[in-house]
Each structure stands twice: as structure tokens, then as C-alpha cells.
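So the chains spell out like this:
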Amino acid sequence: MENKPSVRLQTIQVSFFYGEKKVLHNISLDIYQNSVTAIIGPSGCGKSTFIRLLNRMNDLIPGSRLQGTIMLDGQDIYQPQVNVVELRRKVGMVFQKPNPFPKSIFENVAYGPVVKGTRDRLLLQNIVEQSLRKSALWEEVKDRLYENALTLSGGQQQRLCIARCLAVEPEVILFDEPCASLDPIATQRIEELITELKKEYTIVIVTHNMQQAARVSDYTAFFWLGELVEFGRTEKIFTVPENKRTEEYLAGKFG
């Protein structure tokens, strides 16, 4: 019997609509604590839509609606009493393109804590340093904290965005194609970082790159045309998939 970690996030019979168009179909998926779950599948299969449901980013799309239930630690995150700002603090997100604010490196990382009301300079300095250390950026920027974040390389900017996310003490981190615009060396740094971060956080990553999914994830979910085709331990999905579509996708026959 496989010893699984506890479930942190759970989707139960989740369907999602843009207006009349149904883009996700009855997805039930368990996301385990302190593990990396990769969402793979061809373009347009609903991967990014799905991950954005996990911190209610799709709430911002007019005419969209959800059916089904999404639970974080046993609580339905779509209940009316849920504080969405607090939810997005708990379930942080790192996007495809690095999106630092046009401010200093320090101000980027301190932004979330300041918005939350932290004013103590020493405390802010400590949060900034710890967040930059956790995102493997501190040694590269510790002498340039007051330079504009936009002077950093693409890979450094993405790690800065991870530090900004960590500064508000999330519990779950969603990565939506975090290496799509990065070179191979910057990609390797982010992958090593994800492996390190799962010791403290629960991680979900959407990726087009199957090799990346195989390298960084513990569990893999294969999406196709808005459906969850197969989900399981990554090594099992990649070596002995149960579904023919999974096998064909991994073999490069489509997508």
C-alpha cells in the first residue's frame, strides 16, 4: 500500500464555463502536501484555466462560472464568506512571464508585507532577505537591493517574483509555465528551486515541457480537451501510463 501524504487541495467534479462554452469537464483531483503536482497536456486543453481556479484568479473573467467544489484544507474556497485576498496570500502564483513591479528589488519583495501592514524596517529587511535566500537570489542581489528590479535578467526576475510570492508566507504555490520565457540555465535554476521549495510548500506547476514535469514533479495530471485523462505518480505516468491517449501524448504523437 502506497503511503501518500495528506491532501492539501482537492477538486471535486469541477467544470468551468466561459459564457456558454464549457472548457473543463468534471475534474476531480487531489493535490498532496509537500509535493509537486505537474499539469501537462497540449495547448488549449485547460491547464492554465484549471490552475487559476485554485486561487480564484478566474473570478476576474466576466461571464465565467464554476460548477463543482474546490477545497483547501477541507474548506470550500468558493463559499461567499471566503476572503479572496487572504486566499491568494495562502495560494500564491508565479506567472509565465516574470512581472516585477518597476520599483527596487527591495520594494518588490517588501510589497506584500507592507500592504498587509508591516511597517517595521528591521522586520521588512529580514523578510526580504529570507525570501530572497529561499528563492536562491540573495547572493546575486544583496548589494543591489535598491536598484530597479527591471535591470535583472529574465531568470533573476522570475526568481524575484518567487521571492515576492514567498514574502507573504503562502502555503501553496501555483506555477503557470514559469520557465516558458527563460533560457536553459535559468530554467535549471528554477527547477532546482522548485525541488527545494516543496520541503516547505505544496506546489502545482503547469508545464508544456514533459521533460520538466518528469524532472520536478511527484505527481502528474494529464489534461486533454478540458478533461483529466490520467493522474498518478509521475514515474508511473511516464513509464506505464494506463490510458492510450496519455501514452500517445508522451510519445509525441500529438500536442
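A short tour of the structure in this document, coming up. Quantities reported herein were computed from a predicted structural model and do not represent experimental measurements. (Residues numbered from 1 in each chain as written. Predicted model: local features only at pLDDT ≥ 70, side-chain atom pairs only at ≥ 80, totals over all residues. Heavy atoms only, no water.)

1. Digging into unusual backbone geometry
Okay, so step 1: One non-glycine residue with positive phi stands out, namely N26, at about 50°.
Okay, so step 2: If you trace the backbone, N26 turns up in strand β2 (residues 21-32).
Okay, so step 3: Classification of N26 as partly exposed rests on a relative accessible area of 43%.
Okay, so step 4: In this model, D73 sits at a positive phi of 50°, which is unusual for a non-glycine residue.
Okay, so step 5: Structurally, D73 can be placed in the loop between β4 (64-72) and β5 (75-76). (Helix = DSSP H or I, 4+ residues; strand = E, 2+ residues; numbered from the N terminus. Buried < 20%, exposed > 50% of the residue type's maximum accessible area, 1.4 Å probe, protein only.)

2. Notes on the sheet that holds β2
Okay, so step 1: Reading across the sheet, the four strands line up as β2-β1-β4-β5 and stay open at both edges, with antiparallel pairing between neighbours. Both edges of this open sheet fall to β2 and β5, since each of them pairs with a single strand only.
Okay, so step 2: Where strand β1 (residues 7-18) meets β4, eight bridges bridge the pair, whose relative direction is antiparallel. Bridging from a neighbouring strand, I12 pairs with T69 of β4. (Pairing = 2+ DSSP bridges.)

3. A closer look at the packing of aromatic side chains
Okay, so step 1: This structure, assessed with the given rule, holds seven aromatic pairs.
Okay, so step 2: Between F16 and Y18 the ring centres are 5.3 Å apart and the planes differ by 85°, which places this aromatic pair in the edge-to-face class.
Okay, so step 3: For F16, a relative accessible area of 3% puts it in the buried group.
Okay, so step 4: What makes Y18 partly exposed here is its relative accessible area of 31%. (Phe/Tyr/Trp six-rings, centres within 6.5 Å; stacked < 30°, edge-to-face > 60°.)

4. What about the pairing of strand β9 (residues 219-224)?
Okay, so step 1: The element β9 is largely enclosed, with a buried count of five among its six residues.
Okay, so step 2: Summarising the sheet, strand β3 (residues 36-40) and β9 pair through four bridges and their orientation is parallel. Considered in β9, the bridge of T37 is made with Y219.
Okay, so step 3: Hairpin connection from β9 to strand β10 (residues 227-233): two residues lie between these consecutive antiparallel strands, with L225 at a positive phi of about 50°.

5. Quick word on the pattern of salt bridges
Okay, so step 1: Counted under the stated rule, the structure contains 17 salt bridges.
Okay, so step 2: Note that E129 is salt-bridged to R133, the shortest N-O span being 2.9 Å. A residue pair is termed a helical-turn pair when its members lie 3 or 4 positions apart in one helix, as E129 and R133 do in helix α4 (residues 121-134) at four residues.
Okay, so step 3: Note on R133: relative accessible area 41%, which makes it partly exposed.
Okay, so step 4: For the salt bridge of E140 with R159, the shortest nitrogen-to-oxygen distance reads 2.8 Å. (Salt bridge = Lys/Arg side-chain N within 4 Å of Asp/Glu carboxyl O.)

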